[in-house]
Amino acid sequence: MAKKEEIIKENEVDLIELLKSIWLKRLFIAKVSSIFFILGITIAFTSKVEYKSSCKLFPQSEESRTLNLNGLSRLGLLGLGGNFDDNNYLTPNLYPEIVRSTPFLDKLINTPVYFEKLDTAISSYDYFTKFHKPSLIDYTLEYTIGLPGKIFKKDKNSIPGDNSQIKRYSNEKWGLIRNYAKRLSVSVDPETSIVTIETELPDPTAAAMITTHLVENLTKNIIEYKIEKAKFNLSFIQERFIEVEKEYKIKQKQLARFSDRNRNITNSIVQNEYERLKNDLDISFEVYKGLAIQLEQAKIEVKKETPVFVVLEPAKVPVNKSKPKKKIIILVSFFLGFLTSVVVVVVKNRT
């Protein structure tokens, strides 16, 4: 017990000594905190203004449509024997990957939108390369952390050989595309499957317009992906159906002509030829009928595969700024300054 009391007393003495040392260095702490406070004010008031526009989508579940079509098929109302189960569904969790893909970003960044502050419609690429000026903090980071990249970067504009399937970006454009991707956000609620799409830009109107274009491009890509296989199948069946339909009509004419030429002749040779032509026509009709059913099935499959998106919350022109959060920047800077100065005092006191 005596040892525990001694340890407690020693800890109390150490704590008192620590508080005394901090109090004695209060002027130093105040100076460091003031420097960080001023630095925070500088960052807060020199940072570029940003606006965030958002949109909420709900991808309609395919389950109900699949169940309805399967039910009709089982009842024989469609005359279809195919299975409508979809094992290759593009889930909403993959939507962010589509938005982050380079072709998607390249198309979006080159889409002209109206910039309210410039009172003109230009692409985001032109805006960031010709009109947007980096903030003080951006300049600092560019010429400190990013300086090696600026010194050693080399842009190549050509690719030897067949480059039809390969696209090369300059360092400037590639860097701009990567930074542009950070301004776009696609998140999915795991419980409700609601997709939230956000865009952050220095211009409020441009932010809303880019959000709208993002939604349009995303849904278009998803629909194209979903119905690609079904459309290919439909196209193949349509071509085959047209061929069989021509053959069927030709065989119809052949049988009709033969019947007209041999209307009053009843010998066995004519009868056998008539039966042969009639059998060929029956076989052709069965193939024609089967393809007609498959064609209707393929058309229904395309419609079934086409996703439906419900816009729960359309994109709006933001009124309030999303950045910079001046109060938070200033408070965090002051707290960091205070914490840094206290740590310095404590470390010096223990050495």
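Residues numbered from 1 in each chain as written. Predicted model: local features only at pLDDT ≥ 70, side-chain atom pairs only at ≥ 80, totals over all residues. Heavy atoms only, no water.

Asks: What is the right way to read the overall build of the protein from this model?
Replies: Tallying secondary structure elements over the protein gives 12 helices and 6 strands in all. Counting over 351 residues, the protein shows a buried share of 30%. When contacts within the protein are restricted to residue pairs at least 6 apart in sequence, long-range pairs at least 24 apart make up 77% of them. Carbon together with sulfur atoms contributes 58% to the accessible area of the protein, which is approximately 23700 Å² in total. (Helix = DSSP H or I, 4+ residues; strand = E, 2+ residues; numbered from the N terminus. Buried < 20%, exposed > 50% of the residue type's maximum accessible area, 1.4 Å probe, protein only. Contact = heavy atoms within 4.5 Å. Areas by Shrake-Rupley, 256 points an atom, 1.4 Å probe, with all protein chains shown as cover.)

Asks: I would appreciate a short explanation of helix 5 (residues 102-109) in the present structure.
Replies: Note on helix geometry: an α-helix contains 3.6 residues per turn, so any two residues three or four positions apart are oriented the same way. For helix 5, the full list of buried residues reads Phe 104, Leu 105, Asp 106, Leu 108 and Ile 109. Buried residues in helix 5 make contact with helix 4 (95-100), strand 3 (120-123), helix 6 (124-131), helix 9 (171-181), strand 4 (184-188) and helix 10 (204-261).

Asks: What's the story with the sheet that holds strand 1 (residues 51-59) in this structure? I'm lost.
Replies: Two strands in a sheet stick together by hydrogen bonds in their backbones, pointing the same way (parallel) or opposite ways (antiparallel). Read across the sheet, 4 strands follow the order 4-5-1-6 without closing on themselves; strand pairing throughout is antiparallel. The outermost strands of the open sheet, each flanked by one partner alone, are strand 4 and strand 6 (309-313). With strand direction ignored, the average angle separating the axes of adjacent strands in the sheet is 25 degrees. Of the strand pairs in this sheet, strand 1 and strand 6 are connected by 4 bridges, and their pairing is antiparallel. Its bridge partner lying in strand 6, Leu 57 is registered against Val 311. (Pairing = 2+ DSSP bridges. Axes fitted to C-alpha atoms, helices over the stretch in contact; angles between N-to-C directions.)

Asks: What exactly am I supposed to notice about the environment of Tyr 114 here?
Replies: Its location among the elements puts Tyr 114 in strand 2 (residues 112-115). Residue class for Tyr 114 comes out partly exposed when judged on its relative accessible area of 30%. Once the C-alpha coordinates of Tyr 114 and Thr 205 are considered, the two residues, 91 residues apart in sequence, prove to be 6.7 Å apart. Other than its neighbours up to four places away in sequence, Tyr 114 contacts Asp 119, Thr 120, Ala 121, Asp 203, Thr 205, Ala 206 and Met 209. In this structure the side chain of Tyr 114 is engaged in a polar contact, spanning 2.5 Å, whose partner is the side chain of Asp 119. (Polar contact = N/O pair within 3.5 Å; in protein donor to acceptor, adjacent residues only side chain to side chain.)

Asks: Honestly, the packing of aromatic side chains in this entry has me stumped. Any pointers?
Replies: All chains considered together, the criterion is met by 9 aromatic pairs. Plain terms: the ring middles of Phe 241 and Tyr 288 are 5.2 Å apart, the flat faces sit at 25 degrees to each other, and that makes the pair stacked. Taken together, the residues Phe 241 in helix 10 and Tyr 288 in helix 11 (residues 268-305) connect sequence positions 47 residues apart. The same class applies to Phe 241 as to Tyr 288, namely buried. Members of the aromatic cluster, connected to one another through ring pairs, are Phe 115, Tyr 127, Phe 128 and Tyr 180. When the ring centre of Trp 23 is taken as reference, the NZ or CZ atom of Arg 26 above it lies at 4.2 Å. (Phe/Tyr/Trp six-rings, centres within 6.5 Å; stacked < 30°, edge-to-face > 60°. Lys NZ or Arg CZ within 6 Å of the ring centre and 35° of its normal.)

Asks: Just checking my understanding: could you explain the side chain of Ser 53 for this structure?
Replies: Here Ser 53 shows up in strand 1. A polar atom in the side chain of Ser 53 sits 2.9 Å from the backbone oxygen of Lys 316. Once you skip the residues sitting within four places of it in the chain, Ser 53 turns out to touch Ile 197, Glu 198, Thr 199, Ala 207, Ala 208, Thr 211, Ala 315, Lys 316 and Pro 318.

Asks: Please clarify how unusual backbone geometry should be interpreted in this entry.
Replies: Excluding glycine, residues mostly have negative phi values, and the peptide bonds linking residues are mostly trans. Looking along the chain, the bond that leaves Lys 323 and enters Pro 324 is cis, with omega of -5 degrees. Take Pro 324: it is sitting in the loop between strand 6 and helix 12 (326-350). Not every positive phi belongs to a glycine, and Asp 119 is a case in point at roughly 55 degrees. Looking at the element boundaries, Asp 119 is found in the loop between strand 2 and strand 3. Relative accessible area serves as the criterion here: at 57%, Asp 119 is assigned to the exposed category.

Asks: Which parts of the structure should I look at to understand the packing of helix 10 against helix 11?
Replies: Working note: a packed helix pair is described by the angle between its axes plus the distance between those axes. Running from amino to carboxyl end, helix 10 crosses helix 11 at an angle of 160 degrees, the nearest separation of the two axes being 8 Å. With respect to helix 11, the element helix 10 is oriented roughly antiparallel. Considering how the two elements wind past one another, helix 10 and helix 11 form a crossing that is left-handed. Looking at the contact of helix 10 with helix 11, its residues break down into 21 nonpolar, 7 polar and 12 charged. (Parallel < 35°, antiparallel > 145°, perpendicular 65-115°, else oblique. Left-handed = near helix turned anticlockwise from the far one by under 90°. Nonpolar A, V, L, I, M, F, W, Y, C, P; charged D, E, K, R; others polar.)

Asks: What should I look at first to understand a positive patch on the surface in this one?
Replies: On the surface, Lys 48, Lys 117, Lys 133, Lys 321 and Lys 326 cluster together into a patch of positive charge. By the element assignment, Lys 133 lies in the loop between helix 6 and helix 7 (136-142). (Patch = residues over 30% accessible without salt bridge, like charges linked within 9 Å, V, L, I, M, F, W, Y side chains within 5 Å. Salt bridge = Lys/Arg side-chain N within 4 Å of Asp/Glu carboxyl O. Lys, Arg positive; Asp, Glu negative; His and termini not counted. Charge placed at Lys NZ, Arg CZ, Asp CG, Glu CD.)

Asks: Where do I start with the environment of Lys 133 in this structure?
Replies: Residue Lys 133 is classed as exposed on the basis of its relative accessible area, which comes to 59%. Distance in space between the C-alpha atoms of Lys 133 and Lys 48 is 8.7 Å, their sequence separation being 85 residues.

Asks: What should I look at first to understand the pattern of salt bridges in this one?
Replies: Between side chains of opposite charge, a pair can form as their charged atoms come close. Here the structure, examined in full by the defined rule, presents 13 salt bridges. Notably, a salt bridge pairs Glu 243 with Arg 240, separated by 3.1 Å at the nearest N-O pair. With Glu 243 and Arg 240 both in helix 10, this residue pair falls 3 residues apart, about one helical turn. Among the residues examined, Glu 243 registers a relative accessible area of 42% and is labelled partly exposed. In this structure, Arg 276 engages Asp 280 in a salt bridge whose closest nitrogen and oxygen atoms are separated by 3.2 Å. Taken as a pair, Arg 276 and Asp 280 lie in helix 11 at a separation of 4 residues, close to a single helical turn.

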